[in-house]
Each structure stands twice: as structure tokens, then as C-alpha cells.
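The primary structure of each chain is shown beneath.
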Amino acid sequence: MKLQNPEFAAPADADQRLGVEPVICYPVDTLPPAPLDLYRAAREGMEKISEALAPARDAVTFTVPDGHFFRIYSVDGPQVGDLNLWNANDLSERFYTGKTRALHGTHLSTGDRMWTSFPHMRPMATITADTLDWYGFDRFGGSVHDVIGTRCDPYTANTLSGAQYHNCCHSNLSRSLAAKTGRPIHEVEADVHDVLNVFMCTGFTHDTQQYFMKSSPVRPGDYLEFFAEIDLLGALSACPGGDCSTEHSSDLAACHPLKVEVYRPANDALAQANWQSPPRNGYDRSHGL
Ligand SMILES: [Zn+2]
């Protein structure tokens, strides 16, 4: 945080420097837009092929073939979820929150894409429907589906309180990935990464710019829908924070499951449009050598 009483005096031209207008780092019109009309056409009549349930304070894995859709549903009560996504065929290619945030802003909604890590950097999923899109930003600067938080984890909890708590999203995601892959927990833990905070309502305070959370506006029946751009392995944790109105990293909050549904398109809209899974990034990786 910035000092309330700075140690160094402002220069004579401080007002001029402070008043410079900001420039958007990555204007959205420089990004190839997601073909939302195509995805909406492909979604017509789609058929559910599988579902999975993340129990309260636990996680579940699921797979989605490229060209398919998946939805994350609120079921029994307000609940936030921490989502990890990997290339199902190469777990070194994973969701990159920082670049996604730089490209699309702090909170995602319909039309935004989830980008993969270097050196792959390509869209892995596109958000195609968001029943909470009406929320926008509230008067506190809060909104839903952020890519600013990391995931609740036992290391931070231990640093702050000395606790040994095992149902933080980081541990839930690690256990579910270990079960899915058969690899040791300490090995797969390194594949767990910063998340999309599904349904979580967060922002930065206006005065100190500190990360805040508030009770999620999600209600049973709400969902976030994605189009899988590549073959995906997903892991979803039903955060021990429940609706994140008070605290996480404990068993105090009311907590609910989250449901994942995977759908196969029932029409040939994608084939008609010659849709193809995006190739890996075009940079030649020589780095000037
Ligand atoms: Zn969590």
C-alpha cells in the first residue's frame, strides 16, 4: 500500500504528471474478436454429455473436448468457485490469469477469452454466456468472475494465522488433480495455478486499492458458460469461503456444491464455418539469439 504520509515531497510539476490521461495497454479492438454469433449458433440444441459435482469445500475434475461447451452452475445456494484449466493433452499449457487480465480487464464476461501460458499463448476457452452479466460494476467497484485473486491457499492461511487448514481451493484443486492423474500430490501441486474466480464478487477499495470481496450475487440456477477452444482438463473447487461474504480458509462459512455440465453441439454450424481449434502462438521463440 502507498504511504498515507509520503516521505518525499511532491515535485513542482506533480499536478501535471498526476493529470496525464491513461492509455489502455491492450485496446480490445487490437484483439481478434471471438466469433460469438458462430458460438451462439453452435449452442442451439446442444446435448449434455456429462456432468460433475464439486462438493462443498472440495474440488472435481472434468474434461471438455475442443468445440464443445461447458457450464458451471450454482446449485444449492450462493457459492463461489475457483477454476483451473489445462490443455488436456499437455498440462504445461495452462490458464494464464495475468495475461487474460491484461487483455480483458479485472473481471470477465461474455466474449472474453481465457488465454494460455507462454510459450503457447492462445485462447483456451471463450465465455459464451453469463447470467450475472447484469451486475456490471457496483458502487464499490466490485464485480464477479475476477482474474485478480489467486486462489485461497494453506500457505497464506498459515502465514496469517499459523493454521493447518486443508480445504483451501489450492489444496482441493491439488487433491483432485492428483486423483485424476495418479501423480503424487506434491508434484501435481506445481501444476495448480491462479484461477478464474467464478461467481466471486471482488474489487479494489477506492481509497487504498486493497483487494476486497463481498457477498456473491449468485443464486441457484445462475451459470457461466464456456466454449472450449482446445481439449480441456478442468478442475473446479467449491471455495470454503461459500459466498465469500465473511472469510475463507476455514469451515465457518455456509458452503454449497457447484455443478459442471459438458455439452456437445447438435448441429454443424462449426463445421459449416470451418471452425478450427486455434494454433499455438506464432512467435518463433528465438528470443533474439
Ligand atoms: Zn477458495
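Notes on the structure in this doc start here. (Residues numbered from 1 in each chain as written. Predicted model: local features only at pLDDT ≥ 70, side-chain atom pairs only at ≥ 80, totals over all residues.)

1. So, unusual backbone geometry
Phi is mostly negative for residues that are not glycine, and the peptide bonds are mostly trans.
Right, on to step 1. F118 connects to P119 through a cis peptide bond whose omega is 0°.
Right, on to step 2. Position of P119 relative to the elements: it lies in the loop between β6 (113-115) and β7 (123-130).
Right, on to step 3. A positive phi angle, near 70°, is found at F199, a position not held by glycine.
Right, on to step 4. Structurally, F199 is set in strand β9 (residues 196-204).
Right, on to step 5. Positive phi, normally seen in glycine, also occurs at H287, with a value near 55°.
Right, on to step 6. Looking at the element boundaries, H287 is found in the segment after α7 (269-272).
Right, on to step 7. Accessibility expressed as a C-beta count within 10 Å gives 6 for H287, which makes it exposed. (Helix = DSSP H or I, 4+ residues; strand = E, 2+ residues; numbered from the N terminus. Buried ≥ 20, exposed ≤ 12 C-beta atoms within 10 Å, placed from the backbone.)

2. Regarding helix α5 (residues 169-181)
Quick reminder: α-helices carry 3.6 residues per turn. Residues three or four places apart thus point the same way.
Right, on to step 1. For α5, spanning 13 residues, the distance from its first C-alpha to its last is 18 Å, which sits close to the expected 18 Å at 1.5 Å a residue.
Right, on to step 2. Within α5, the full set of buried residues consists of C169, H170, S171, N172, L173, S174, R175, S176 and L177.
Right, on to step 3. As for α5, its buried residues are in contact with β2 (59-64), β4 (81-87), α4 (154-161), α6 (185-188) and β12 (232-238). (Expected span 1.5 Å × (residues − 1). Contact = placed C-beta atoms within 7 Å.)

3. Digging into the pairing of β4
On any regular strand, side chains alternate: one points to one face of the sheet, the next to the other face.
Right, on to step 1. Most of β4 sits inside the fold, with 7 of its 7 residues counted as buried.
Right, on to step 2. By the alternation rule, side chains of β4 split into G81, L83, L85 and N87 and D82, N84 and W86, which are all buried.
Right, on to step 3. Pairing between β4 and β12: 7 bridges, direction antiparallel. Among the inter-strand pairings, N87 is bridged to a residue of β12, identified as L232.
Right, on to step 4. Relative to strand β5 (residues 90-94), β4 is paired through 2 bridges, and the arrangement is antiparallel. Bridge pairing links W86 to R94 in β5.
Right, on to step 5. In this structure, the hairpin formed by β4 and β5 is closed by a connection of 2 residues. (Pairing = 2+ DSSP bridges.)

4. Focus on the environment of V218
Right, on to step 1. Within the fold, V218 resides in the loop between β10 (211-214) and β11 (223-228).
Right, on to step 2. C-alpha of V218 to C-alpha of D243: the two residues are 25 residues apart in sequence and 8.1 Å apart in space.
Right, on to step 3. Apart from the residues lying within four places of it in its own chain, the contact partners of V218 are S74, P78, Q79, L132 and F199.

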